[in-house]
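# Descriptive structure summary
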Amino acid sequence: MAENETLECITEHERILQEIESTDTACVGPTLRSIYDDQPNAHKRFMEKLDARIRNHDREIEKMCNFHHQGFVDAITELLKVRADAEKLMVTAQTEEVIRCRIQQRNMATTVEKLQLCIPGTTAAFVVSQYRFCQIMAENLPRLREEIKEISMSDLKDFLESIRKHSDKVGETAMRQAQQHRTFNSAVAKQASMGHYTKPVYSLNGRTHTPNGQLMDDDTGDEEEADEEILTAQDLVDFSPVYRCLHIYTVLGDRETFENYYRKQRKKQARLVLQPQANMHETVEGYRKYFNQIVGFFVVEDHILHATRGLVTRAFTDELWNMALSKIIAVLRTHSSYCDDPDLVLELKNLIVIFADTLQGYGFPVNRLFDLLFEVRDQYNETLLKKWALVFREIFELDNYSPIPVDTEEEYKLVVSRFPFHDAEIEKQDFPKKLPMSQSVPQIYTQVKEFIYASLKFSESLHRSSTEIDDMLRKSTNLLLTRTLSSCLQNLIKKPHIGLTELVQIIINTTHLEQACRYLEEFITNITNVSPETVHTTRLYGLSTFKDARHAAEGEIYTKLNQKIDEFIQLADYEWGMAESDGRASGYLMDLINFLRSTFQVFTHLPGKVAQTACMSACKHLSTSLMQMLLDTELKQISMGAIQQFNLDVIQCELFASSEPVPGFQGDTLQLAFIDLRQLLDLFMVWDWSTYLADYGQPTSKYLRVNPATALALLEKMKDTSKKNNIFSQFRKNDRDKQKLIETVVKQLRSLVNGMSS
């Protein structure tokens, strides 16, 4: 036992190590937590396993270094050869730098010289201030300043109007770059066998950010820039009106007024940008335009933040972002709820991920967006469930509910490749042959797998561990089985056109689908690489779905059998006053028995207990229906001839029961379904009232199953015919004492009935 636990622990630790090596560091927490939730001292054994893994990697690194040592030496030799050329290039670069510095020094000297020329003019200004032209200048300068401010403000307003219209273009470019780098980084991650790769995100302001918002060196990613020109905010937007207006207001000592105006206008524009179109949820382009405008707005604000030194502050942009984030989440939550197309929901999810990655690259916190994705995932699963409900419904409607015929080995392999079917007896049979399930079974199984694939698509790019993805898949699959497929099966079973043959096939189908559930477990395990024995792993509940459907189908079989029996019973046309029987069973009853025989032959593939229960239920219902026919209150008179005819029909029922229409009954178990009728008819046929009355209440009574009320009701019907041509008229003619005996029996029966009621 201890060895087994140790082996399981080692296997689990190996899986955890693989998950740590292949999972983003942000998602390692849940994985490590499972170590401490495990057996006592398991974390010590895991640390030993981790140390051993580190030593193995060290050895592999050493081997790799030894293997590439000669190449390294050759590379150094080549580098030494080009060293001289590199030094020449460095000298050239330094020379260019010296020239640039010389030019700057010359420009500075020229500036100083020109300023010195202005000094006498400044001095003279005090001298000429008494003159009229100087006073005019002094009066006009404030007005000129205001005109300059108004002109610059007009340019700023034009800029704000322009940027509002072109924000979507800025955002589109930023999101496209983020998506391209996401694709690139995904390819790098697949190739990386160890370590972690930090994703650079190239922003429109010319700076490079890591996912946590930190700046990286500008030379990072030169290779990518060589492949594609990276557009900056200046390439798409002319910010000169902002710079000019800010400079003018600053020089004129009114910077604060300008800052307040700019921030107020941008807040208004932010609210406009955050307002979605009413029909945004109808197409992915509606969502894309919405995201592009928002990204464009914040890309511009990020550029202004870093280019203007205080026109906006980090606190201001954070306030704007927090306001925007709340509005964005509310909008997406509302509009996604309108969507009933899973493909559109999936595209929305991808857009949200790119949107979040883009803004995260500019240092904006996006955790709430990823939390929102879990709500969107639930919506996605709901749309998937609705879509697959239609798929299942169509499969059931097109099914012929007959065993699958296979004529060749190729056809057989095609079926078993789509559905895990194994039966040694059927495999031994020669072709052509039939598989027990109908064509809907492999189709349903295939569609469940397709649903799992579709559900998996949403989990991509969510930065979740394989354990969490496995849990998501199992929960969504459980909903598919226990809610969607179960509902479709229940509705199918209740459909009027589904007859007994179809119900039998449905029971067989659900049996095979139930057996296939373990293969679905393995299918999910192979996708996520998470063992089903892992702690906290959700199990599939498909077994209960198919068991419930099978029980419902069984109950429907019993109901439909009884309905069919009732239809035959309604065809009964007894002549209740007949003097003697026809000498043969009634036609309607023989037709009914033939129907039951053929029906029970179809039950050969059903589980034994189901077939036996159906047969027993049918016989009991037939017996009850015949008894009710005799005791019908609308029936006032019954002759002895009618009793004899009725007895012939019951004899046929008993012969049918004794013929073992369904194997598995012990002795005369099935015949006991007609025991109440048999004893009642025997009592009247033999006219054995003395024995009945004498033995009444005794456990060994020959007529133990005859209720006094039943006997009385039937005797009253026969007594009412005494005035007509029946056995009682012969009693009156031949022996009036017997008539008195009948009256006595009736009284005694009434006494027994009254005693029972009291």
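Just so you know, these numbers come straight off a predicted model, no measurement behind them. (Residues numbered from 1 in each chain as written. Predicted model: local features only at pLDDT ≥ 70, side-chain atom pairs only at ≥ 80, totals over all residues. Heavy atoms only, no water.)

We now examine the overall build of the chain. Helices and strands together make up the secondary structure of the chain, namely 29 helices and 5 strands. Counting only residues that meet the buried cut, the chain has 41% of its 758 residues in that class. Long-range contacts, defined as pairs at least 24 residues apart, comprise 78% of the intrachain contacts of the chain with a sequence gap of at least 6. (Helix = DSSP H or I, 4+ residues; strand = E, 2+ residues; numbered from the N terminus. Buried < 20%, exposed > 50% of the residue type's maximum accessible area, 1.4 Å probe, protein only. Contact = heavy atoms within 4.5 Å.)

Per the counting criterion, the structure on display carries 29 aromatic pairs. A ring pair is formed by Phe 419 and Tyr 445, whose centres lie 5.4 Å apart and whose planes are at 90°; its orientation type is edge-to-face. Placement of the pair is Phe 419 in the loop between helix H15 (409-418) and helix H16 (424-428) and Tyr 445 in helix H17 (residues 440-459), with a sequence separation of 26 residues. Across the pair, Tyr 445 and Phe 419 agree in class, each one buried. (Phe/Tyr/Trp six-rings, centres within 6.5 Å; stacked < 30°, edge-to-face > 60°.)

What follows is about the pattern of salt bridges. Under the counting rule described, the total for this entry stands at 26 salt bridges. Lys 165 is paired through a salt bridge with Glu 161; the nearest N and O atoms lie 3.9 Å apart. Taken together, the residues span about one helical turn, with Lys 165 and Glu 161 both in helix H6 (residues 132-191) at a distance of 4 residues. You can call Lys 165 exposed: its relative accessible area is 54%. Of the residues examined, Glu 161 reaches a relative accessible area of 33% and is grouped as partly exposed. Among the charged side chains, a network of salt bridges with common partners joins Glu 146, Lys 149 and Asp 254. (Salt bridge = Lys/Arg side-chain N within 4 Å of Asp/Glu carboxyl O.)

The full count for this structure, using the stated rule, is 2 cavities of 30 Å³ or more. Taken as a whole, the largest cavity encloses approximately 60 Å³ of empty space. Of all the elements, helix H19 (residues 500-515) adds the most residues to the lining of the largest cavity, at 4 residues. Tallied by class, residues from the lining of the largest cavity come to 5 nonpolar, 3 polar and no charged. In this model, the second largest cavity occupies a volume close to 40 Å³. Counting residues per element, the lining of the second largest cavity draws most heavily on H17, at 3 residues. Taken together, the residues of the lining of the second largest cavity break down into 9 nonpolar, no polar and no charged. (1 Å grid on protein atoms, 1.4 Å probe; cavity = no way out; pocket = protein on both sides within 12 Å on 5 of 7 lines; lining within 4 Å. Points joined across faces, edges and corners; volume = space filled by probe spheres on them. Nonpolar A, V, L, I, M, F, W, Y, C, P; charged D, E, K, R; others polar.)

For the rest of this paragraph, the subject is the packing of helix H14 (residues 367-398) against H17. Packing of H14 against H17 leaves a shortest axis separation of 10 Å and a crossing angle of 165°. As the angle between them shows, H14 and H17 are arranged roughly antiparallel. Note on packing geometry: the crossing formed by H14 with H17 is right-handed. Packed against H14, whose contacting residues are Leu 373, Val 376, Arg 377, Tyr 380, Asn 381, Leu 384, Leu 385, Trp 388, Val 391, Phe 392, Ile 395 and Phe 396, the element H17 presents Ser 440, Gln 443, Ile 444, Gln 447, Val 448, Glu 450, Phe 451, Ala 454, Ser 455, Lys 457 and Phe 458 at the interface. Considering only residue class, the contact of H14 with H17 consists of 15 nonpolar, 5 polar and 3 charged. (Axes fitted to C-alpha atoms, helices over the stretch in contact; angles between N-to-C directions. Parallel < 35°, antiparallel > 145°, perpendicular 65-115°, else oblique. Left-handed = near helix turned anticlockwise from the far one by under 90°.)

In this section: the environment of Gly 296. Along the chain, Gly 296 turns up in helix H11 (residues 284-307). Sequence-distant contacts of Gly 296, that is, excluding residues within four places in its chain, are made with Ser 167, Val 170 and Gly 171.

Before going further, it helps to examine the confidence of the model for the chain. Averaged over all residues, the pLDDT of the chain equals 81, while 83% of them reach at least 70. Mean pLDDT in the chain bottoms out at strand E3 (residues 215-216), which sits at 37, and peaks at helix H24 (residues 640-658), which reaches 93. Long-range and interchain partners of residues 193-228, a stretch whose pLDDT sits below 50, account for 74 contacts in this model, where long-range means more than four residues apart. (pLDDT = per-residue confidence, 0-100.)

A grouping of Asp 340, Asp 341, Asp 343 and Glu 347 is seen on the molecular surface, where their side chains present a negatively charged patch. The residue Asp 340 is located in the loop between helix H12 (314-338) and helix H13 (342-360) in this model. With a relative accessible area of 57%, Asp 340 lands in the exposed category. (Patch = residues over 30% accessible without salt bridge, like charges linked within 9 Å, V, L, I, M, F, W, Y side chains within 5 Å. Areas by Shrake-Rupley, 256 points an atom, 1.4 Å probe, with all protein chains shown as cover. Lys, Arg positive; Asp, Glu negative; His and termini not counted. Charge placed at Lys NZ, Arg CZ, Asp CG, Glu CD.)

To continue, consider the side chain of Ser 336. For Ser 336, the location among the structural elements is in helix H12. Setting aside anything within four residues of it in sequence, one finds Ser 336 in contact with Tyr 287, Leu 348 and Gln 379.

Moving on, we come to the environment of Ala 579. Mapped onto the secondary structure, Ala 579 falls in the loop between helix H21 (542-569) and helix H22 (587-602). Residue Ala 579 is classed as exposed on the basis of its relative accessible area of 71%.

Structurally, the position occupied by Asp 649 is in helix H24. As a buried residue without a salt bridge, Asp 649 has its nearest oppositely charged side chain in Arg 584, at a separation of 9.3 Å. Polar contacts involving the side chain of Asp 649 include one to the main-chain amide nitrogen of Ser 586, which spans 2.7 Å. Among all residues touching Asp 649, those that are not within four sequence positions of it are Tyr 574, Ala 585, Ser 586, Tyr 588 and Leu 589. (Polar contact = N/O pair within 3.5 Å; in protein donor to acceptor, adjacent residues only side chain to side chain.)

This brings us to unusual backbone geometry. With an omega dihedral of -5°, the bond running from Phe 431 to Pro 432 counts as a cis peptide bond. Relative to the helices and strands, Pro 432 is located in the loop between H16 and strand E5 (433-435). Even without being glycine, Glu 660 reaches a positive phi, approximately 55°. The residue Glu 660 is located in the loop between H24 and helix H25 (675-686) in this model.

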